[in-house]
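Residue strings, one per chain:
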Amino acid sequence: MPRAAAESPVAVYGAIAANIAIAITKFIVAGLSGSSAMLSEGIHSSVDTFNGVLLLVGIKLSKRPPTPEFPFGHGKELYFWGLIVAVLIFGLGGGVSFYEGVQHIRHPVELADPTWNYVVLAAAALFEGTSFAVALRQFMKQKGDAPFWKSLHRSKDPTTYTVLAEDSAALVGLLVAALGIYASHRLDMPELDGAASIVIGLLLAAVAVALVREARGLLIGEGIRTETADAIREMAMAQPNVRHVGHVLSMYLGPDEVLVTLDIDFTPTTLASEAGKTVARLQREVRERYPMIQRLFIDANE
């Protein structure tokens, strides 16, 4: 994949701008109408705003050059901040929304005129939809001809899958909030508004768990896909005088930077000069086919 959104965080800026405007409006209307679901949506947008700022921090820190203490650079900073974002979505977004919903069910408050709730939800859907469209366009540029869901699953850039996940959850949350407010007012059951808040909290918690799972794998040393490793082994075995290729060991150092090491055994009659040329040729071929493999170390043995 080409350089990821970490190099051009347009989607993150778009999400931050949209969420700031939406959060302020939601809180105002939640205060006027007393809607628990609208308050949860305001919390949701506030958390998303802060998360966008944290992603920008991660992008900036991940671009720092290598140092003696961090010889492979700081690419994993982006994964760390992506994990923090997921924890915040779970704790602040999901937890507070769930708590607010439970409290509203225990102590129901009749909703005021819901008109402004619908107006704000419609405006929020427009802003969130725009933010989602920007993030989706950025992702479509990155994925090339690969299938959408497969590319999303394989993406190693938190600024791609986090923004898409947040915006998707936001759009679903807006629908849930609208249904909860409508049912609560229509049926004169304010508890349904609290139930909608609980659903929004569970939705955010589910998104957070998925993001934590992805961040965990990248932080503890997730490597390239099995089929990619097998292809590299085949490329090595196709080289002249190579009789055996060991395991391909790899690890993501950043969204577009992978470390790969492998052992190659040459036939006993292979000259050192021939082995050197073979190693150089293999390195060139692998990097041409897989540009994200920027650090390739080959140990040649007889």
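What counts, and at which threshold
- Residues numbered from 1 in each chain as written.
- Predicted model: local features only at pLDDT ≥ 70, side-chain atom pairs only at ≥ 80, totals over all residues.
- Heavy atoms only, no water.
- Helix = DSSP H or I, 4+ residues; strand = E, 2+ residues; numbered from the N terminus.
- Rg over C-alpha atoms; globule rule 2.2 N^0.38 Å.
- Buried < 20%, exposed > 50% of the residue type's maximum accessible area, 1.4 Å probe, protein only.
- Contact = heavy atoms within 4.5 Å.
- Lys, Arg positive; Asp, Glu negative; His and termini not counted.
- Charge placed at Lys NZ, Arg CZ, Asp CG, Glu CD.
- Patch = residues over 30% accessible without salt bridge, like charges linked within 9 Å, V, L, I, M, F, W, Y side chains within 5 Å.
- Areas by Shrake-Rupley, 256 points an atom, 1.4 Å probe, with all protein chains shown as cover.
- Salt bridge = Lys/Arg side-chain N within 4 Å of Asp/Glu carboxyl O.
- Expected span 1.5 Å × (residues − 1).
- Bend = angle between axes of the 7 residues up to and from the residue.
- Pairing = 2+ DSSP bridges.
- Core = buried A, V, L, I, M, F, W, Y, C linked by side-chain atoms within 4.5 Å.
- pLDDT = per-residue confidence, 0-100.
- Axes fitted to C-alpha atoms, helices over the stretch in contact; angles between N-to-C directions.
- Parallel < 35°, antiparallel > 145°, perpendicular 65-115°, else oblique.
- Left-handed = near helix turned anticlockwise from the far one by under 90°.
- Nonpolar A, V, L, I, M, F, W, Y, C, P; charged D, E, K, R; others polar.

**Here's the deal with the overall build of the protein chain**
Part 1 of the argument: What the protein chain contains, in helices and strands, is nine helices and four strands.
Part 2 of the argument: When its helices and strands are written in sequence order, the protein chain yields α-α-α-α-α-α-α-α-β-β-β-α-β.
Part 3 of the argument: Relative to the 2.2 N^0.38 estimate, which gives 19 Å for 302 residues, the radius of gyration of the protein chain is 25 Å and therefore markedly larger than a compact globule would have.
Part 4 of the argument: Its C-alpha atoms give the protein chain principal-axis dimensions of roughly 90 × 35 × 30 Å.
Part 5 of the argument: Looking at the protein chain as a whole, 48% of its 302 residues qualify as buried.
Part 6 of the argument: A separation threshold of at least 6 residues defines the contact pool for the protein chain, and within that pool the share at least 24 residues apart is 76%.
Part 7 of the argument: Within the protein chain, one finds 25 positive and 30 negative side-chain charges whose respective centroids are separated by 7 Å.

**Re a nonpolar patch on the surface**
Part 1 of the argument: Nonpolar side chains collect at one region of the surface, where Ile20, Ile24, Ile28 and Leu32 lie side by side and expose about 410 Å² of accessible area between them.
Part 2 of the argument: Along the chain, the position of Leu32 falls in helix α1 (residues 10-33).
Part 3 of the argument: Given a relative accessible area of 66%, Leu32 falls into the exposed group.

**A short note on the environment of Ala275**
Part 1 of the argument: Residue position: Ala275 is located in helix α9 (residues 272-289).
Part 2 of the argument: For the pair Ala275 and Ala300, spaced 25 residues apart in the sequence, the C-alpha separation amounts to 7.4 Å.
Part 3 of the argument: With residues near it in sequence (within four places) discarded, Ala275 still touches Phe266 and Thr270.

**A word on the pattern of salt bridges**
Part 1 of the argument: The full count for this structure, using the stated rule, is five salt bridges.
Part 2 of the argument: The shortest N-O distance in the salt bridge between Arg295 and Glu257 comes to 2.7 Å. One end of the pair, Arg295, is in strand β4 (residues 295-301); the other, Glu257, is in strand β3 (residues 257-266), and 38 residues separate them in sequence.
Part 3 of the argument: Take Glu257: its relative accessible area is 17%, and that puts it in the buried class.

**Brief notes about unusual backbone geometry**
Part 1 of the argument: The backbone of Asp188 sits at a positive phi, close to 55°, despite the residue not being glycine.
Part 2 of the argument: Relative to the elements of secondary structure, Asp188 occurs in the loop between α6 (158-186) and α7 (191-219).
Part 3 of the argument: You can call Asp188 exposed: its relative accessible area is 54%.
Part 4 of the argument: Its identity is not glycine, yet Asn241 carries a phi of approximately 70°, on the positive side.
Part 5 of the argument: With respect to the element layout, Asn241 can be found in the loop between α8 (226-237) and β1 (242-245).

**Examining helix α3 (residues 77-106)**
Part 1 of the argument: End to end, α3 covers 42 Å across 30 residues, agreeing with the expected 44 Å (1.5 Å per residue, within 8%).
Part 2 of the argument: For α3, the principal kink sits at Ile89 and spans about 25°.

**Here we look at the pairing of β3**
Part 1 of the argument: The element β3 is largely enclosed, with a buried count of seven among its ten residues.
Part 2 of the argument: Sheet topology places β1 next to β3; three bridges connect them, and they run antiparallel. Bridged to His244 within β3 is Asp265.
Part 3 of the argument: Where strand β2 (residues 249-254) lies against β3, five bridges are found, and the strand directions are antiparallel.

**Focus on the nonpolar core**
Considering soluble globular proteins, one finds that nonpolar side chains tend to be buried as a cluster.
Part 1 of the argument: Ranked by size, the top nonpolar core spans 68 residues in total, and within it Ile224, Ile232, Leu262, Ile264, Val286, Tyr290 and Ile293 carry the most contacts.
Part 2 of the argument: Apart from the residues lying within four places of it in its own chain, the contact partners of Val286 are Ile232, Met235, Ile293 and Leu296.

**A look at the confidence of the model for the protein chain**
Part 1 of the argument: Mean pLDDT over the protein chain: 85, with 95% of residues reaching 70 or higher.
Part 2 of the argument: Below pLDDT 50 for its whole length, residues 1-7 participates in 23 contacts with residues either more than four positions away or in separate chains.

**A short note on the packing of α3 against α7**
Part 1 of the argument: Their axes nearest at 7 Å, the elements α3 and α7 cross at an angle of 165°. Relative to α7, α3 is oriented roughly antiparallel. For the crossing formed where α3 meets α7, the hand is left-handed.
Part 2 of the argument: Residues that form the contact of α3 with α7 fall into these classes: 22 nonpolar, eight polar and three charged.

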